[in-house]
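So the chains spell out like this:
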Amino acid sequence: MHPWLLSLAGGVLIGLAAVLLMAMLGRIAGISGIASSLLSGARDWPWRAAFVAGLVISPLLLWLVRGESGIGMPQVSWPWMAFAGLLVGFGTRLGSGCTSGHGVCGIARLSPRSFAATVVFVAFGMATVAVVRHWLGGLPT
């Protein structure tokens, strides 16, 4: 399958999952909210656990079908990934959500707050790439 078709299929599946979660449970498919509520012991943990399990199982299914997961090898060491994960976690708390909650679900609901959050996410992502690639000379190891 051509890479753009695979990307299109992934986008359709993300959209379908977001619509089904909203239609069936009235919940927003924001990964940070789902995961943090799951870790804090929410009473509605079964659907949250199934959602997170789907995120983990999906690359494994892709690997079984295509022979590759589509994820690739890490480009930095584990300490750098842990540091980046902490920064992302802090940012999702500060921004009251993540790109899936704001960028996928919030924009679909025409939420002004989600539009603003998504613009900030994209701007800081672009700035991070510019700093790491052009000012620091590449990824640290």
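For the structure itself, look to the data block above.
Residues numbered from 1 in each chain as written. Predicted model: local features only at pLDDT ≥ 70, side-chain atom pairs only at ≥ 80, totals over all residues. Heavy atoms only, no water.

**What about the overall build of the chain?**
Along the backbone of the chain there are 6 helices and 0 strands. Considering only C-alpha atoms, the chain reaches an extent of 45 × 40 × 30 Å along its principal axes. The proportion of buried residues among the 141 residues of the chain is 16%. Entry remark: accessible area of the chain is about 10,300 Å², with carbon and sulfur atoms responsible for 74%. (Helix = DSSP H or I, 4+ residues; strand = E, 2+ residues; numbered from the N terminus. Buried < 20%, exposed > 50% of the residue type's maximum accessible area, 1.4 Å probe, protein only. Areas by Shrake-Rupley, 256 points an atom, 1.4 Å probe, with all protein chains shown as cover.)

**Points about the packing of aromatic side chains**
Ring pairs (aromatic) are described by centroid distance and by the angle formed between their planes. Counted according to the given criterion, the structure contains 1 aromatic pair. Ring geometry for Trp80 against Phe83: centres 5.9 Å apart, planes inclined by 80°, an arrangement best described as edge-to-face. On the criterion of helical spacing, the pair formed by Trp80 and Phe83 is a turn pair, its members being 3 residues apart in helix 4 (residues 78–94). Classification of Phe83 by relative accessible area gives partly exposed; the value is 45%. (Phe/Tyr/Trp six-rings, centres within 6.5 Å; stacked < 30°, edge-to-face > 60°.)

**Things to note about the pattern of salt bridges**
Scanning the model with the defined rule gives 2 salt bridges in all. Between Arg48 and Asp44 there is a salt bridge, and its shortest N-O distance comes to 2.9 Å. Among the ionic pairs, Arg66 bridges to Glu68, the shortest N-O distance being 3.5 Å. A relative accessible area of 35% means that Arg66 is categorised as partly exposed. Relative accessible area serves as the criterion here: at 40%, Glu68 is assigned to the partly exposed category. (Salt bridge = Lys/Arg side-chain N within 4 Å of Asp/Glu carboxyl O.)

**Some thoughts on the side chain of Ser114**
Positionally, Ser114 belongs in helix 6 (residues 112–135). Residue classification places Ser114 among the buried residues on the basis of a relative accessible area of 4%. If sequence neighbours within four positions are ignored, Ser114 has contacts with His102, Gly106 and Ile107. (Contact = heavy atoms within 4.5 Å.)

Note that every value here comes from positions in space, so none of it alone points to a role or purpose.
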